[in-house]
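Residue strings, one per chain:
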Amino acid sequence: MVQTKCIVASTSASSVPHISSFINGEFLTGSGQTSLSINPAHPEQTVATVEWCGKSAVTDAAEAAAAAQKSWANLPGPARAEFLYKWAEQIQARSAEIGIAVAQEVGKPIGEAKGEVGRCIAILRYYAGEAVRQTGHVIPALAGGALQYSVQVPLGVVGLITPWNFPIAIPLWKAAPALACGNTVVLKPAETAPLCAILLAETAKAAGLPNGVFNVLLGDGVELGAELLGCALIRGVSFTGSSRVGAIVAERSAARNIKYQTEMGGKNAGIVLADADLKQAAGLVAGGAMRFAGQKCTATSRVIVERSVLDAFQAELISAVEALRVTDPMEADCAVGPVITDLSQQRIQSAISGLIGSVYSGQVPSEGFYVAPTIFRDVDPASDLAQIELFGPVLAILAADNFDHAIEIANGVPYGLSAALYTKNIPLALQYANRIEAGLVRVNGDTTGVDPHAPFGGVKASSSGTREQGTAAKEFYTETKTVQINP
Ligand code: NAD
């Protein structure tokens, strides 16, 4: 079942923004179905009233995007770049307001929410540069005197389906490379983060992006998602979200023989070796596990510790987690806010209630969808707690006999997104980098976060194998055309 905190409403509050889908440069009103986006820290507080569109809007958006695509792709790269630079400027000009929207709509601590706005600006500037650097290859031809070359051409109209946890950065780290490469975009954001998506639409409009180049559909994920995946005008789909929905996206895209990428969940491990700086490692593991209530695909949800330092590390870890403030995301020093919905709160609480081995459970505010930061010790590597993504502030400590055993435990899950090793032993760090099954590999860093210009993605059940961000993203949003010109 899709989780949502958008409650279908019969009336709408007038003091909050009223938002609707963005198609062909216009915000469409009058669909009739209204919902509320609420603040997970203060569920009685409405962040936006939202008009949901029906499935016919998918065709309207795809047709607008298709009509705009040829002239967008025909613009010289530097001209497309100018639009992306202007979009970055518009986001910069409204950065305080957008940061607050992120904090209030998805419960992200305000410091991290502001960081996400900065990341969006960096992403747009980076891909503005990449729009100018569209290159191909000259390939020697067997036929004498012929010129043979390959060029990267856009897919056409791409559909983007995004989650709520990076409600502006993920839509943009898909849209920016797509647009830089000459595609046009239909974005279907998560139902729980519609205001953030519409702020992207407003800033795109203010930046003067041509009508139809960037469209946003607000509505039911299952209904709009199915329509988008079946729409003949959509020539590629980029999805980030749960493995369950990712499997649907992959199956339907493959059936239509269109390009797709699915970036999904994780069960990310930190490995603490006996020679590690335990205090530093504990701080990094605590932050990776608990910040933003553990709601990052790259969050540390398992920490595998060499048995000889288990007690000492646990003590450092508990004091590092205790130092993370659990409070309203709008408080400047908030580290841990609420989880996204009451359903998430209940799901996480019921998954951990009654489990033995809890060594820490924090305090939470009485109002809002909070889950207490919780740590379990001596967790069985085969248990659900060590195998299933919970997407909450829950950390499992697992004991390992030695380095080899730790690697075996770390790799013993279906996922392979992010991993971290804490050690001063460089030869072991090199071995770990070779042997760990993860797309993002850290030594003495935390499992979360990645530079916006570095490739991002996982292995095994975490990803369909393509990469986002950096130059790698351009591979997904283009296909290769090989040309031979004979004399
Ligand atoms: P989700 O899978 O529930 O939803 C993701 C998107 O899919 C939403 O826009 C939703 O409306 C849409 N959707 C739902 N049902 C659909 C259907 N039947 N067809 C098409 N689209 C449909 O995920 P979520 O709860 O929004 O996000 C949390 C998940 O995302 C976690 O598993 C997390 O690990 C993952 N995630 C992964 C990455 C990554 O880069 N690997 C980044 C962030 C989040």
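Residues numbered from 1 in each chain as written. Predicted model: local features only at pLDDT ≥ 70, side-chain atom pairs only at ≥ 80, totals over all residues. Heavy atoms only, no water.

Colleague: Explanation requested: the side chain of serine 238 in the structure shown.
Modeller: Mapped onto the elements of the fold, serine 238 is located in strand 12 (residues 234-240). Every residue in contact with serine 238, bar those within four places of it in the chain, is listed here: Gly159, Leu160, Ile161, Lys174, Gln261, Glu468, Phe476 and Tyr477. (Helix = DSSP H or I, 4+ residues; strand = E, 2+ residues; numbered from the N terminus. Contact = heavy atoms within 4.5 Å.)

Colleague: How do you make sense of unusual backbone geometry when you look at a structure like this?
Modeller: Only a minority of non-glycine residues have a phi that is not negative, and only a minority of peptide bonds are not trans. Positive phi is not limited to glycine here, since phenylalanine 292 has a value of about 55°. Relative to the assigned elements, phenylalanine 292 resides in the loop between helix 9 (278-290) and strand 15 (300-306). Phi is positive for phenylalanine 391, close to 60°, though the residue is something other than glycine. Take phenylalanine 391: it is sitting in the loop between helix 12 (384-387) and strand 18 (394-400).

Colleague: What's the story with the site of the ligand in this structure? I'm lost.
Modeller: The full set close to the ligand counts 28 residues, and Thr162, Glu191, Ser242, Met264 and Glu389 are the nearest of them. Contacts to the ligand include lysine 188, whose side-chain N or O atom sits 3.0 Å from an oxygen atom. At a separation of 2.7 Å, an oxygen atom of the ligand approaches a polar side-chain atom of glutamate 389. Coverage of the ligand by the protein chains reaches 93% of its 860 Å² of free accessible surface. Looking at the shell around the ligand, the elements that each hand over two or more residues are helix 7 (221-230), strand 12 and helix 8 (243-255). Broken down by element, the shell around the ligand gets its largest block of residues, three residues, from helix 7. Built from parts of two domains, the shell around the ligand gets at least three residues from each of domain 1 (55-264 + 463-484) and domain 2 (268-452). (Near = heavy atom within 4 Å. Polar contact = N/O pair within 3.5 Å; in protein donor to acceptor, adjacent residues only side chain to side chain. Areas by Shrake-Rupley, 256 points an atom, 1.4 Å probe, with all protein chains shown as cover. Domains from an automatic or database assignment.)

Colleague: Please explain the layout of surface pockets as it appears in this structure.
Modeller: To find leftover empty space, a probe the size of one water molecule is rolled over the atoms. Its volume calculated, the second largest pocket comes out at about 230 Å³. Lining the second largest pocket are 15 residues, with Arg119, Phe166, Lys296, Gly449 and Val450 positioned closest to its centre. The set of elements that each furnish at least two residues to the lining of the second largest pocket consists of helix 4 (110-132) and helix 5 (169-180). Top contributing element to the lining of the second largest pocket by residue count: helix 4, with four residues. By residue class, the composition of the lining of the second largest pocket is six nonpolar, four polar and five charged. Residue-level mapping places the lining of the second largest pocket at the junction of two domains, with at least three residues from each of domain 1 (55-264 + 463-484) and domain 2 (268-452). (1 Å grid on protein atoms, 1.4 Å probe; cavity = no way out; pocket = protein on both sides within 12 Å on 5 of 7 lines; lining within 4 Å. Points joined across faces, edges and corners; volume = space filled by probe spheres on them. Nonpolar A, V, L, I, M, F, W, Y, C, P; charged D, E, K, R; others polar.)

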